[in-house]
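Spelled out, the chains give:
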Amino acid sequence: MMSTPFEAPVVAFHGADDPEQPLVVLLHGRGSHEREIISLAPHLPPGATYAAVRAPIAEGGGYAWFANRGIGRPVAESLAATMAWFRTWLDEIAPDGRPVILVGFSGGAAFAGGLVLADPGRYAGAAILYGTLPFGAGVPTTPSRLAQVPVFAAQGDSDHVIPRELLDRTWSYLHTESGAPTQGHRDPGGHGITPAALHQLVGWLHARLEHVRAHEAIPAGVLPDVEWPTVPGGRLPDRAGRRPEVSWQIPQQQLSDTSPAAIQERLFARSSSLAGVTSGPSRISVPGARGLVLGGAAGPDEAFLVPEVREFAHLHPEYDGSLHLALPPAQAADLVAHGWGTPHPWAGSRLTLGFTMVFGPRDEEELEVVAGIVSASHAYASGTVPTPA
């Protein structure tokens, strides 16, 4: 651990610190302080300890998380030093096993982004509010870097503080390449948390805290050498071409590069003929979606989109052509990394962490891969895991 010249952190708590509860750390904006952002805590869900940390660099009557080389562009050495300082404090208050969620505003959003990108396995989620990720500042922004790390992102269309190019790049990375299950909120506001954004943040945070309490922690990030016994060759290849455009609002839909109708029907025929499967209208999706149900299956509840009726997958209507299914988290992350789909925005909060959109197959070769992915979901729901050939 590098040494820093910074003093011990100044921390404001909302109520007493309960080490048995998840820790939510609130990170203020540039030129502000911990007392301002802790005022957000009374509006946030119960069941967590809320702590606001004062940034270590004095600036403009307040404090900053890093030296800037331009608005939204941290100096890499400065960011590395303050992140090391922060982690020293965090490791004391939240040793391994205590879930930690970051909520950062503006400069605090960039700092939260740097922390979670540098060490995605350390955090149970992050809210990036009206700020940019710290691109070009020494932290990785590689594909699927944030796989299995649920994220909430809020931006204002009239924000004139953070450069629009950085806001757009952050939005695009979080919703596509990052691999994070990302719930996004945009409104006409400027550089400040609107009532609508706060409402969405509260809902996301409540669902994430409930999920954390109900499920064991799963290591974040893409695991090496993920096996796919149901896919030709036992490994997922890279999907050709760019990722299709996908709606960021609910319902999640594939908007471009859709599957030909005839191939959609062949995929449905193969999927609905898997052992023990019955089909009918989906119980969770849009009208016209066809659900795949495995009644009486031995798989865990996390293997189903709708556990009560054992729906493990559904195919969307012809105008969309994609499908949703549940996978083990490692396979879900691997699928996203190879370009075959994207997490559902509610994965790991309102829905199982492995809840994934799979892009519709465009040709015969892709049909074989996607059919193998559906078979993997079926095996998960069945409580069986086939061995590689």
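Shown above is the structure to which this text applies.
These numbers come from a predicted model, not from an experiment.

J.: Mind showing me how you'd approach the pattern of salt bridges here?
T.: The full count for this structure, using the stated rule, is 16 salt bridges. In this structure, Arg 73 and Glu 165 form a salt bridge, with 3.4 Å as the shortest nitrogen-oxygen distance. Remark: Glu 165 occurs in helix α4 (residues 164-175) and Arg 73 occurs in the loop between β5 (62-64) and α2 (76-93); sequence separation between them is 92 residues. We classify Arg 73 as partly exposed; its relative accessible area is 28%. Two residues, Glu 210 and Arg 213, come together in a salt bridge whose shortest N-O distance is 2.8 Å. Of the two residues, Glu 210 and Arg 213 are both situated in helix α5 (residues 195-214); the distance of three residues between them amounts to about one turn of the helix.

J.: I'm lost on the sheet that holds strand β11 (residues 290-293) in this one. Help?
T.: Two orientations exist for strands paired in a sheet by backbone hydrogen bonds: parallel and antiparallel. Strand order in this open sheet of six strands is β10-β11-β12-β13-β15-β14, and the pairing throughout is antiparallel. In this open sheet, the two strands that pair with only one neighbour each are β10 (278-281) and β14 (341-343). Within this sheet the neighbouring strands show an average axis-to-axis angle of 25°, counted without direction. Looking at chain direction, β11 and strand β12 (residues 311-315) are connected through four bridges and run antiparallel. Among the inter-strand pairings, Val 293 is bridged to a residue of β12, identified as Glu 311. On the sheet, helix α6 (residues 261-272) packs against β10, β11, β12 and β13 (323-326) and is oriented at approximately 20° with respect to β11.

J.: Is there a simple way to think about the pairing of strand β3 (residues 49-53) in this case?
T.: Along any regular strand the residues' side chains alternate between the sheet's two faces. Of all five residues making up β3, five are buried, and the element is well covered by its neighbours. Residues Thr 49, Ala 51 and Val 53 line one face of β3 and the alternating positions Tyr 50 and Ala 52 line the opposite face, and both faces are buried. Both strand β1 (residues 11-14) and β3 contribute to a ladder of four bridges, which runs antiparallel. Each bridged residue has a counterpart across the sheet, and for Val 11 the counterpart in β3 is Val 53. Relative to β3, strand β2 (residues 23-27) is paired through five bridges, and the arrangement is parallel. Within β3, the residue paired with Val 25 across the bridge is Ala 51.

J.: How should the packing of aromatic side chains be read in this particular structure?
T.: Any two aromatic rings considered together are summarised by their centre-to-centre distance and by the angle between their planes. Overall, the coordinates contain eight aromatic pairs when judged by the stated rule. With a centroid separation of 6.1 Å and 75° between ring planes, the pair formed by Phe 6 and Trp 85 is classed as edge-to-face. Taken together, the positions of Phe 6 in the segment before β1 and Trp 85 in helix α2 put the pair 79 residues apart, joining distant regions of the chain. Three or more aromatic residues link up through ring pairs in this structure, and these residues are Trp 65, Phe 86, Trp 89 and Phe 111. One Lys or Arg, Arg 169, reaches over the ring of Phe 135 and ends 4.0 Å from the middle of that ring. The ring of Phe 268 carries the charged tip of Arg 290 above its face, separated from the ring centre by 4.1 Å.

J.: What's the story with α4 in this structure? I'm lost.
T.: Owing to its 3.6 residues per turn, the α-helix aligns residues three or four sequence positions apart on the same side. Compared with the 16 Å implied by 1.5 Å per residue over twelve residues, the 16 Å span of α4 between its first and last C-alpha is a close match. Residues of α4 that are buried include every one of Leu 166, Leu 167, Thr 170, Trp 171, Tyr 173, Leu 174 and His 175, and no others. In this structure, the buried residues of α4 make contact with α3 (107-118), β7 (125-129), β8 (151-156), β9 (182-187) and β14.

J.: I keep staring at the pairing of β7 and nothing clicks. Help me out?
T.: Across the five residues of β7, five count as buried, placing the element largely inside the fold. Residues Gly 125, Ala 127 and Leu 129 of β7 are buried on one face, and the alternating residues Ala 126 and Ile 128, pointing to the opposite face, are buried as well. In this structure, strand β6 (residues 100-105) lies alongside β7, joined through five bridges in parallel fashion. Bridging across to β7, Phe 105 finds its partner in Leu 129. Note that the unit made of β6, α3 and β7 has a crossover that is right-handed.

J.: Where do I start with the environment of Leu 40 in this structure?
T.: Looking at the element boundaries, Leu 40 is found in the loop between α1 (34-37) and β3. Leu 40 sits 27 residues away from Phe 13 along the chain, and the two C-alpha atoms are 11 Å apart. Those residues in contact with Leu 40, other than ones at most four positions away along the chain, are Ile 193 and Leu 198.

J.: Mind showing me how you'd approach unusual backbone geometry here?
T.: Both trends apply: most residues other than glycine have a negative phi, and most peptide bonds are in trans. For the bond running from Ile 250 to Pro 251, omega is 5°, close enough to zero to count as cis. Inspection of the secondary structure assignment puts Pro 251 in the loop between α5 and α6. Positive phi, normally seen in glycine, also occurs at Ser 144, with a value near 60°. In this fold, Ser 144 is placed in the loop between β7 and β8. Overall, the relative accessible area of 2% leaves Ser 144 in the buried class. At Gln 148, a position not held by glycine, the phi torsion is positive, near 70°.

The rules behind these values
Residues numbered from 1 in each chain as written. Predicted model: local features only at pLDDT ≥ 70, side-chain atom pairs only at ≥ 80, totals over all residues. Heavy atoms only, no water. Salt bridge = Lys/Arg side-chain N within 4 Å of Asp/Glu carboxyl O. Helix = DSSP H or I, 4+ residues; strand = E, 2+ residues; numbered from the N terminus. Buried < 20%, exposed > 50% of the residue type's maximum accessible area, 1.4 Å probe, protein only. Pairing = 2+ DSSP bridges. Axes fitted to C-alpha atoms, helices over the stretch in contact; angles between N-to-C directions. Contact = heavy atoms within 4.5 Å. Phe/Tyr/Trp six-rings, centres within 6.5 Å; stacked < 30°, edge-to-face > 60°. Lys NZ or Arg CZ within 6 Å of the ring centre and 35° of its normal. Expected span 1.5 Å × (residues − 1). Right-handed = clockwise from strand over helix to strand, strands pointing away.

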